[in-house]
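Now for the letters of each chain:
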Amino acid sequence: MVMEQLAGPLGTQLRDRLAAATAEAHRLLGVDGEPAGGNEISHLRTLIDGLTDAMAQDGGDGREPLVAEQRAALARLHNRFRARFQALESARRAINELRAITSPADMLSRAPAALAGASRFERVLLSLSAGGQLVAEAIHLGGESAEAARVLGAFTASPIRLEHPLIETELLRRRRATIVDGADLNPRVERRLVELMGWTSYAAAPLVVAGHVLGMLHAGRGRPERLDVLDRDVLWEFTSLLAQAYESASLRRTLRHEREQTREFMDWLGGRTSNLMDAPIRLATMLRPAEPAVPSPTPATAQAGRDDRIVFEGLLTRRELDVLRLVAEGRSNRRIAEALVVSEGTVKFHVNSILRKLRVANRAEAVSRYLRLLGMRAP
């Protein structure tokens, strides 16, 4: 529906003008004011065709200038509709590109350049709200990278304080976008926004994420050119969609962190379970005939045991370290089972757990990583 597509302040004005023009067309043509079947577009086309036919029939009585004027007005209105829809669609495409960024911080840092590339704005500043201040986070000043770094550093070193009667303070409270004309003369404007950004007219909109004000976007063209309501609506559309994209990226990152923590917990739980599985086997071996005594560890072996416990603490269990140490000595599963007085099945279980936790494919890679980490630990 046409009316549903006209959102925002500019859309309100266009809706009023469209309603007035439609009512006048009904009067001139003497037709019912309700669209057939609720189809507004078809009804508008019927009215336009009817008025065109009527003007063609009356064209010989000196009304040609009036007809031409009305056609020019219709063309201007059509161009305004088209410009609005194209501008808003360009802002949506820019946000869709930002959605591909997985890091919320990177998304914010690239937002000013994305807005400038998708609109008529040339100079954009993004600031975050913290401690009653607007702290500059990212900036775009066209191709002037050195100037952008200087201006960003100036704003970062001395943030804008959100105090009455600053315009930004009211915007954050009311959570709406606005245009500031004559910024160089307005006492409610922060002087540095004029001096550092080099504009006399700018638009500003709060960045509201999940009901909380995260920051603000300032945008302008850097020359004495007034902005219009379409510029304001484009900024508000971009800022609103950026808040949604940022919230989604933050949620995805939180879910990834929770998944990683769950994986680490499961690894730890698997290690504890393996320790419990070993306990009955050790008790059962007490009934066996005496086995040959395992040679006492040498000082070097004892030192290596202390080192690898430090390196792998929190990742491998004590029994898994014992198995890995013997694997590094080149022993087979059978000889490891004899040395630790466990079954070969238990050794295989520990070896598979070690490979999974160290994220390696085979025993050789596990030994390589074990020796490499011990070498890094050595003084």
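Scroll up for the structure.
A. Local environment of the environment of Leu207. Position of Leu207 relative to the elements: it lies in strand β5 (residues 202-209). Once the C-alpha coordinates of Leu207 and Leu128 are considered, the two residues, 79 residues apart in sequence, prove to be 8.5 Å apart. If we ignore the near neighbours within four places in the chain, the residues touching Leu207 are Leu108, His212, Val213, Leu214, Gly215, Met216, Thr239, Leu242 and Ala243.

B. Spatial organisation of the packing of helix α12 (residues 333-340) against helix α13 (residues 344-358). Their axes nearest at 8 Å, the elements α12 and α13 cross at an angle of 105°. Between α12 and α13, the interaxial angle falls into the category roughly perpendicular. Seen from α12, the contacting residues are Asn333, Arg334, Ile336 and Ala337; seen from α13, they are Glu344, Val347, Lys348 and Val351. For the contact of α12 with α13, the per-class residue count stands at four nonpolar, one polar and three charged.

C. Fine view of empty space enclosed by the protein. According to the stated counting rule, one finds one cavity of 30 Å³ or more in the structure shown. Volume-wise, the largest cavity comes out at about 40 Å³. Along the walls of the largest cavity sit Leu324, Val327, Val351, Ile354, Leu355, Arg363 and Ala366, which together make up its complete lining. Here the lining of the largest cavity gets three residues from one element, more than from any other, and that element is α13. Among the residues forming the lining of the largest cavity, the class breakdown is six nonpolar, no polar and one charged.

D. Spotlight on the packing of helix α11 (residues 318-328) against α12. Two elements in contact, α11 and α12, have axes whose closest approach is 10 Å; the angle formed by their N-to-C orientations is 130°. It follows that α11 is oblique to α12 by the angle criterion. Relative to α12, α11 is oriented so that their crossing is right-handed. Contacts from Arg319, Asp322, Val323, Leu326 and Val327 in α11 reach Ile336, Ala339 and Leu340 in α12. In terms of residue class, the contact of α11 with α12 is built from six nonpolar, no polar and two charged.

E. Just the sheet that holds strand β1 (residues 123-130), in detail. Overall, antiparallel pairing links the six strands, which are arranged β3-β2-β1-β6-β5-β4 in an open sheet. What marks the edges here is a single partner per strand, and that holds for β3 (160-161) and β4 (178-180). Relative to β3, strand β2 (residues 133-141) runs antiparallel, the two being bridged by two bridges. Residue pairing for β3: Gln133 is matched across the bridge by Arg161. Against the sheet, helix α6 (residues 145-157) touches β1, β2 and β3, its axis set at about 175° to β2.

F. Expanded view of the packing of aromatic side chains. For the coordinates displayed, the defined rule picks out two aromatic pairs. An angle of 40° between the planes, with centres 6.1 Å apart, marks the rings of Phe81 and Phe85 as tilted. Linking Phe81 with Phe85, this pair stays in helix α4 (residues 64-98), spanning four residues, or about one helical turn. The buried category is assigned to Phe81, whose relative accessible area is 14%. A relative accessible area of 33% means that Phe85 is categorised as partly exposed.

Reading the values: rules and limits
Residues numbered from 1 in each chain as written. Predicted model: local features only at pLDDT ≥ 70, side-chain atom pairs only at ≥ 80, totals over all residues. Heavy atoms only, no water. Helix = DSSP H or I, 4+ residues; strand = E, 2+ residues; numbered from the N terminus. Contact = heavy atoms within 4.5 Å. Axes fitted to C-alpha atoms, helices over the stretch in contact; angles between N-to-C directions. Parallel < 35°, antiparallel > 145°, perpendicular 65-115°, else oblique. Nonpolar A, V, L, I, M, F, W, Y, C, P; charged D, E, K, R; others polar. 1 Å grid on protein atoms, 1.4 Å probe; cavity = no way out; pocket = protein on both sides within 12 Å on 5 of 7 lines; lining within 4 Å. Points joined across faces, edges and corners; volume = space filled by probe spheres on them. Left-handed = near helix turned anticlockwise from the far one by under 90°. Pairing = 2+ DSSP bridges. Phe/Tyr/Trp six-rings, centres within 6.5 Å; stacked < 30°, edge-to-face > 60°. Buried < 20%, exposed > 50% of the residue type's maximum accessible area, 1.4 Å probe, protein only.

Any functional reading would require information beyond the geometric quantities listed.
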